[in-house]
Amino acid sequence: MLVTSVILTGLLVPGAAAQPVGEESAPGPDAVAPAVVELSDIPAEPPVQPARPTRSELFGADCDTVIHGSQVSAYCHNAYPETDLVRLHVECDRWWDVDGDGVAVAVGPAGRTELVGRCWKEVRSAWVSHRRP
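Okay, so let's go over this structure. One numbering rule holds for all chains: residues counted from 1, following each sequence as written. Local features in this predicted model are restricted to residues of pLDDT 70 or higher, and side-chain atom pairs are both shown and tallied only at a pLDDT of 80 or more, whereas totals for entire chains, interfaces and linings draw on every residue. Remark: hydrogens and water are excluded; side-chain values derive from all non-hydrogen atoms of the structure.

The subject of this paragraph is the state of the cysteines. Any pair of cysteine sulfurs within 2.5 Å is marked as a disulfide. Per the stated rule, a full pass over the model turns up 2 disulfides. A disulfide bridge connects C63 with C76, and the sulfur atoms are separated by 2.1 Å. Its torsion about the S-S bond being 115°, the disulfide of C63 and C76 is classed as right-handed. Of this pair, C63 sits in strand β1 (residues 62–68) while C76 is found in strand β2 (residues 71–77), placing the two residues 13 residues apart along the sequence. Exposure classes here rest on a 1.4 Å probe applied to the protein chains alone. A residue is buried below 20% of its type maximum, exposed above 50%, and partly exposed in between. The buried category is assigned to C76, whose relative accessible area is 2%. Note on cysteine connectivity: C92 is disulfide-linked to C119, with sulfurs 2.0 Å apart. Because the sign of the S-S torsion sets the handedness, a value of about -90° for the bond joining C92 and C119 places this disulfide among the left-handed ones. Of this pair, C92 sits in strand β3 (residues 84–92) while C119 is found in the loop between β6 (112–118) and β7 (123–131), placing the two residues 27 residues apart along the sequence. Overall, the relative accessible area of 4% leaves C92 in the buried class. Taking relative accessible area as the criterion, C119 reaches 2% and is therefore assigned buried. In DSSP terms, a helix is any run of H or I states spanning at least four residues, a strand is any run of E spanning at least two, and both are numbered starting from the N terminus.

What follows is the structure, encoded as structure tokens:
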């Protein structure tokens, strides 16, 4: 194994030394600029990762909003140990159609609720807001 590596090294070195000293090779498709790395550009320590939220900061029910014609439904599930006050907001597409802001509903830990709203005609958008009690 040692003999093989010595023979291969002997074959490669003369090919590398055959380049003319004063001339540069013409750039071609295989020409690659040498990579230069400044050691001062490498940080001594890895970048600081943002802190993960503590258990008390986790808050807010997960809500899925479904719009079907002029009807809006929001299905909310609270997976956190703190009560969440959820409220459905519906914005209607027509200027004369009254937008709706539903009443706040308390969703306790591991609780589920359904919020409903509607417009007379088309719904432009709908969303759920969250608030701590």
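A few words now on the pattern of salt bridges. For salt bridges, the criterion is a side-chain nitrogen of Lys or Arg within 4 Å of an Asp or Glu carboxyl oxygen. A complete count under the given rule lists 4 salt bridges for this structure. With a closest N to O distance of 2.6 Å, E82 and R132 form a salt bridge. Of this pair, E82 sits in the loop between β2 and β3 while R132 sits in the segment after β7; the two residues are 50 residues apart in sequence, bridging distant segments of the chain. For E82, a relative accessible area of 29% corresponds to the partly exposed category. The exposure class of R132 is partly exposed, given its relative accessible area of 38%. With a shortest N-O distance of 3.4 Å, E91 and R124 are connected by a salt bridge. Note that E91 is positioned in strand β3 and R124 in strand β7, a separation of 33 residues in sequence.

Remember, this is a structural readout, not a statement about activity or role.
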